[in-house]
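Here's the letter readout for the chains.
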Amino acid sequence: MDTASNALPPCAGLRIGDFAPDFEARSTAGPVRLSGFRGRWLVLFSHPADFTPVCTTEFVALARETAAFEARDCALMALSVDSLFSHFAWLRMIRDRFGTEVRFPIVEDPTLVIGRAFGMVSAQDSDSATVRTTFFIDPRGVIRAMTCYPANLGRSVPEMLRILDGLQAIDAQGALAPANWQPGEPMLQSPTQSLDEVFDAEDATSWFLRNAGGTR
Ligand code: BEZ
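None of these values were measured; they are calculated from a predicted model. (Residues numbered from 1 in each chain as written. Predicted model: local features only at pLDDT ≥ 70, side-chain atom pairs only at ≥ 80, totals over all residues. Heavy atoms only, no water.)

A. Representation of the layout of surface pockets. Approximately 200 Å³ is the volume attributed to the largest pocket. For the largest pocket, the full set of lining residues is T28, A29, F88, L91, R92, R95, T100, E101, V102, R103 and F104. Taken together, the residues that form the lining of the largest pocket break down as five nonpolar, two polar and four charged. (1 Å grid on protein atoms, 1.4 Å probe; cavity = no way out; pocket = protein on both sides within 12 Å on 5 of 7 lines; lining within 4 Å. Points joined across faces, edges and corners; volume = space filled by probe spheres on them. Nonpolar A, V, L, I, M, F, W, Y, C, P; charged D, E, K, R; others polar.)

Rendered as structure tokens:
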């Protein structure tokens, strides 16, 4: 591995628009294969380690919002380097302590083979935990968005749902989601690519900055 590659952060390997690499692995919900989720949205996310404080809060928060992901036809799948039996013990602790059952699959990746394929760990690390990487994968298996948080900052479940809502609205409406967009709010039209339409527009911005559906 050369020096330039060593400097690559996690998330650097795959890009938006790539097909998610397929894998088959053991999980807390039995054997899973990524391609088995085709036809639905999938949020695949890594966490640094079981039995750690921030990760525990994330799993409780996500498990409590499982129905919100289901309502968006989206499955959840988690992954870390910990063994299947560590995952089981952690989920038992979470249920006993928080009264919440985590039923979405948590994949074991002790050899980091999946984490490396997804850029969830640096390629040269042999013992590194995966960081908080999240891939939003569409029903065709294409990566549509990804986020990467450090170990000491927990993800926002409302923001994960907003990303899903935004991607689904973009597909349904063929429109663009502006800053701070929330479901039900206006979306934007793609700008024209015609100079004639630029010159014919009623003002200097309406050819590139206008709401979808014609409102301003
Ligand atoms: C946590 O989940 O709290 C955590 C995990 C790894 C490193 C630091 C914090």
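B. Highlighting the site of the ligand. Looking at the ligand, the residues that line it are P48, T52, P53, V54, C55, R132 and A151. Measuring from an oxygen atom of the ligand, one finds a backbone N or O atom of V54 at 2.7 Å. In isolation the ligand has 260 Å² of accessible area, and contact with the protein removes 72% of it. In terms of residue count, helix α2 (residues 53-64) provides more of the shell around the ligand than any other element does, three residues in total. Broken down by class, the residue content of the shell around the ligand amounts to five nonpolar, one polar and one charged. (Near = heavy atom within 4 Å. Polar contact = N/O pair within 3.5 Å; in protein donor to acceptor, adjacent residues only side chain to side chain. Areas by Shrake-Rupley, 256 points an atom, 1.4 Å probe, with all protein chains shown as cover. Helix = DSSP H or I, 4+ residues; strand = E, 2+ residues; numbered from the N terminus.)

C. Geometry of unusual backbone geometry. Despite not being glycine, D73 shows a phi value in the positive range, around 55 degrees. Here D73 lies in the loop between α3 (66-71) and β4 (74-80). What makes D73 partly exposed here is its relative accessible area of 37%. For N180, which is not glycine, the phi torsion reads 60 degrees and is therefore positive. Within the element layout of this structure, N180 appears in the loop between α6 (157-173) and α7 (195-200). (Buried < 20%, exposed > 50% of the residue type's maximum accessible area, 1.4 Å probe, protein only.)

D. The arrangement of the packing of aromatic side chains in detail. A complete count under the given rule lists eight aromatic pairs for this structure. Their ring planes at 85 degrees and their centres at 6.0 Å tell us that F23 and F118 sit as a pair that is edge-to-face. Within this pair, whereas F23 is found in the loop between α1 (3-6) and β1 (24-25), its partner F118 is found in the loop between α5 (113-117) and β6 (132-137), the two being separated by 95 residues in sequence. Considering the side-chain rings of F59 and W90, the 4.7 Å spacing of their centres and the 55 degrees angle between planes classify their relative orientation as tilted. Linking F59 in helix α2 with W90 in helix α4 (residues 84-98), this pair joins segments that are 31 residues apart in sequence. In this structure F59 comes out as buried when scored by relative accessible area, which is 0%. One aromatic cluster is present, formed by F45, F59, W90 and F104 through successive ring pairs. (Phe/Tyr/Trp six-rings, centres within 6.5 Å; stacked < 30°, edge-to-face > 60°.)

E. Region of the structure containing the nonpolar core. Residues V43, F59, F69 and F104 are the most contacted members of the largest nonpolar core, which totals 27 residues. When residues of this core are traced back to their parent elements, those giving at least two are β3 (41-46), α2, α3, β4, α4 and α6. Looking at this core element by element, the count peaks at six residues for α6. Apart from residues lying up to four places away in sequence, F104 is in contact with T28, F45, F59, L62, A63, T66, L76 and A78. With 20 residues, the next largest nonpolar core counts L14, L42, V107 and I137 among its residues. (Core = buried A, V, L, I, M, F, W, Y, C linked by side-chain atoms within 4.5 Å. Contact = heavy atoms within 4.5 Å.)

F. Quick peek at the pairing of β4. For β4, a buried count of seven out of seven residues is recorded, marking the element as mostly surrounded by other parts of the structure. Alternating residues of β4 divide into C74, L76, A78 and S80 and A75, M77 and L79, and every residue in both groups is buried. Sheet topology note: the β3/β4 ladder contains six bridges and is parallel. The partner of W41 across the bridge, within β4, is C74. Bridge analysis of β4 against strand β5 (residues 106-108) gives three bridges, and the strand direction is parallel. Pairing of S80 across the sheet is with E108, part of β5. The parallel pair β4 and β5 is bridged by α4, and the resulting crossover is right-handed. (Pairing = 2+ DSSP bridges. Right-handed = clockwise from strand over helix to strand, strands pointing away.)

These results come straight from atomic positions and should not be treated as a statement about function.
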